[in-house]
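Summary of structural features
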Amino acid sequence: MVGIGPKHPQSRKGSMHELPQNLLGPIHDFEKAFTVDRSKLKEIVNHFVKELEKGLSVEGGNIPMNVTWVLDFPDGHERGTYLALDMGGTNLRVCEITLTEEKGAFDITQSKYKMPEELRTGTAEELWEYIADCLQQFIEAHHEEANLAKLPLGFTFSYPATQEYIDHGILQRWTKGFDIDGVEGQDVVPPLEEILKKRGLPIKVAALINDTTGTLIASSYTDSAMKIGCIFGTGVNAAYMENAGSIPKIAHMNLPADMPVAINCEYGAFDNEHVVLPLTKYDDIIDRDSPRPGQQAFEKMTAGLYLGEIFRLALLDLIDNRAGLIFNGQDVSKLRKPYLLDASFLANIEEDPYENLTETLDLFERTLNIRPTQPELELIRRLAELIGTRAARLSACGVAAICTKKNIDSCHVGADGSVFTKYPHFKERGAQALREILDWAPTEKDKVSIMAAEDGSGVGAALIAALTLKRVKAGNLYGVRNMDDMKTLL
Ligand code: BGC
């Protein structure tokens, strides 16, 4: 028996854990595979910065760096009532937001609907019907008298979209396990507006937005130090403000060089070429078996959708390739179901407060019908820690890359998403990685702080709709498709 102690500040505290020799080998292998040390983090960030630049260039690269036509931060004087529709990875949310007289304040009414699992791989028609059902229900409950044609809708569509105009967006490709035929390559606004019209709801999309852009704008509404909006959730991504003059791919539009333009990075696609990310064999399997192999390499290592699956594949590897090593003689058939375990399963393991990991034992019995021994529980805990830590440390690379690219020495980063808000130690682990990457002295206060964001896909969507209408009124028509369309909303 050999003892191992905690390796990271966020590892489990307490006594040394006794482990039998035969489990030490696999644990060391996992440690080797999943640990991203300081020099690797720096190497990743260096490559990341180049890839961000490449995405802005005419040739383009892996990272789409989508121009969003969000051209300003809010000044706190935005006003009016807006609808917001948020089609995230897991839920659908409809909100009505009134930006009120008091600077930076708002009222919100909202309803949340669970996106049925089957919709992810269903038909386009089913998707639009479902969205229309939810919106209709919301309107019927809250808007009997309202003049809908005058109610601008901010549509948060959190997938990579090419936007020539702010009220338009061609889906580049589905992410987050979605695989609905006939939507990729299409503008997603017309089918939504059409189905709403058919139901007697003449609602106009004033702005199609990404959740990261919404997060950036909503956070900056209450904190002017916010320079980046991030999502660490089912998927991962960030948005920031670029100067038009630093975006070669839109140089032909001759925009004022210092005009701010929000860029939706879509950096989940970072390193699709597999140049620098420390992929494990489990990451390879996830990619191979996903609906879009070769896409979203960075996302597949860091996002909530995949953390439980990485863990499941690692345990199966031991079961299948080291016969009798773990769960000997037990029925492991449940563990063979792809995507059975979500990130909350790992979060629960990491949160188990008991030294003998009784909650983890219960969780395994309940979910998988497996009763791990004490040493197996130790291995399980260490594996969860390694996967969660790798995700947090890699996540910090995206933020560090944007700061480096933009020469931002200090700022606030608004973050949202289930992994950021719920996964234990994610924030501390990410902050620790930022310190290592950006070389702050140990005594220095963190210069870049990732903090909980305001509601990006609700308030952010409303603010972006408000900002769009404000600038259209003032005669700034960049990225506006049809002035007549917008007029009905002014
Ligand atoms: C999508 C992004 C989104 C992110 C977080 C990714 O899969 O491509 O558009 O911002 O998930 O929701």
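These numbers were taken from a predicted model, which means no experiment stands behind them.

1. Description of the sheet that holds strand β4 (residues 80–87)
Within a sheet, adjacent strands bond to each other through the backbone by hydrogen bonds, running parallel or antiparallel. Strand order in the open sheet formed by five strands is β6-β5-β4-β7-β10, and the pairing between neighbours is mixed. On the outer flanks of this sheet lie β6 (106–114) and β10 (205–209), each paired with one strand and no other. Pairwise comparison of adjacent strand axes, ignoring direction, gives a mean angle of 15° for this sheet. Judged from the four bridges that link them, strand β7 (residues 153–157) and β10 form a sheet pairing that is parallel. Paired with Thr156 across the bridge in β10 is Ile209. Its contacts with the sheet place helix α3 (residues 124–142) against β4, β5 (91–99), β6 and β7, and it is angled at close to 135° to β6. Where helix α4 (residues 189–198) meets the sheet, it contacts β4, β7 and β10, and its direction lies at approximately 140° from that of β10.

2. Re the environment of Gly80
Residue placement: Gly80 occurs in strand β4. In sequence terms Gly80 and Gln374 are 294 residues apart; their C-alpha atoms lie 59 Å from each other. Excluding anything up to four places from it in sequence, Gly80 contacts Ile97, Thr98 and Leu99.

3. Describing the site of the ligand
Looking at the ligand, there are 15 residues lining it, with Thr175, Asn210, Asp211, Glu266 and Glu299 nearest. Here an oxygen atom of the ligand and a backbone polar atom of Ser158 are 3.2 Å apart. Tyr159 has a polar backbone atom sitting 3.2 Å from an oxygen atom of the ligand. When isolated, the ligand has an accessible area of 310 Å², and the protein chains bury 98% of it. Looking at the shell around the ligand, the elements that each hand over two or more residues are α5 (211–222) and β12 (236–243). Residue composition of the shell around the ligand, grouped by class: four nonpolar, seven polar and four charged. Each of domain 1 (15–62 + 225–408 + 410–445) and domain 2 (74–220 + 455–486) gives at least three residues to the shell around the ligand.

4. Re the sheet that holds β12
A sheet is described by the order of its strands in space; here six strands give the open sequence β3-β13-β12-β11-β14-β15, paired in mixed fashion. Unpaired on one side and paired on the other, β3 (66–67) and β15 (448–452) mark the two borders of the sheet. As paired elements, strand β14 (residues 411–416) and β15 share five bridges and run parallel to each other. Within the sheet, the bridge partner assigned to Cys411 lies in β15 and is Val448. Sheet strands in contact with α5 are β11 (226–232), β12, β13 (260–264) and β14, and its direction is about 135° off that of β11. Packed on one face of the sheet, helix α11 (residues 374–405) meets β11, β12, β14 and β15 and runs near 155° to β11.

5. Observations regarding the packing of helix α2 (residues 38–56) against α11
α11 packs onto α2 with a crossing angle of 50° between their chain directions and a minimal axis gap of 8 Å. In terms of orientation, α2 lies oblique with respect to α11. Judged by the twist between their axes, the crossing of α2 over α11 is right-handed. Contacts between α2 and α11 pair Arg38, Leu41, Ile44, Val45, Phe48, Val49, Leu52, Glu53 and Leu56 from the former with Arg393, Leu394, Cys397, Gly398, Ala400, Ala401, Ile402, Thr404 and Lys405 from the latter.

6. Quick word on the packing of aromatic side chains
One pass over the full model with this rule turns up 22 aromatic pairs. Seen in terms of ring centroids, Phe48 and Tyr267 are 5.3 Å apart; in terms of plane orientation they differ by 75°. Their pairing is edge-to-face. Of this pair, Phe48 sits in helix α2 while Tyr267 sits in the loop between β13 and α6 (281–288), and the two are 219 residues apart along the sequence. Judged by relative accessible area, Phe48 falls into the buried class, the value being 0%. We classify Tyr267 as buried; its relative accessible area is 1%. Aromatic side chains Phe311 and Phe364 sit 6.4 Å apart centroid to centroid with 75° between the ring planes, which places their arrangement in the edge-to-face category. In this pair, Phe311 is assigned in helix α8 (residues 304–321) and Phe364 in helix α10 (residues 358–368), connecting sequence segments 53 residues apart. A relative accessible area of 0% means that Phe311 is categorised as buried. Grouped by ring-pair contacts, the aromatic residues Phe155, Phe157, Tyr159, Trp174 and Phe178 constitute a single cluster. Sitting above the plane of the Tyr159 ring, Lys176 keeps its charged end 4.5 Å from the centroid. Directly above the ring of Phe420 sits Lys427, whose terminal nitrogen or CZ lies 4.9 Å from the centroid.

Scoring rules and cut-offs
- Residues numbered from 1 in each chain as written.
- Predicted model: local features only at pLDDT ≥ 70, side-chain atom pairs only at ≥ 80, totals over all residues.
- Heavy atoms only, no water.
- Pairing = 2+ DSSP bridges.
- Helix = DSSP H or I, 4+ residues; strand = E, 2+ residues; numbered from the N terminus.
- Axes fitted to C-alpha atoms, helices over the stretch in contact; angles between N-to-C directions.
- Contact = heavy atoms within 4.5 Å.
- Near = heavy atom within 4 Å.
- Polar contact = N/O pair within 3.5 Å; in protein donor to acceptor, adjacent residues only side chain to side chain.
- Areas by Shrake-Rupley, 256 points an atom, 1.4 Å probe, with all protein chains shown as cover.
- Nonpolar A, V, L, I, M, F, W, Y, C, P; charged D, E, K, R; others polar.
- Domains from an automatic or database assignment.
- Parallel < 35°, antiparallel > 145°, perpendicular 65-115°, else oblique.
- Left-handed = near helix turned anticlockwise from the far one by under 90°.
- Phe/Tyr/Trp six-rings, centres within 6.5 Å; stacked < 30°, edge-to-face > 60°.
- Buried < 20%, exposed > 50% of the residue type's maximum accessible area, 1.4 Å probe, protein only.
- Lys NZ or Arg CZ within 6 Å of the ring centre and 35° of its normal.

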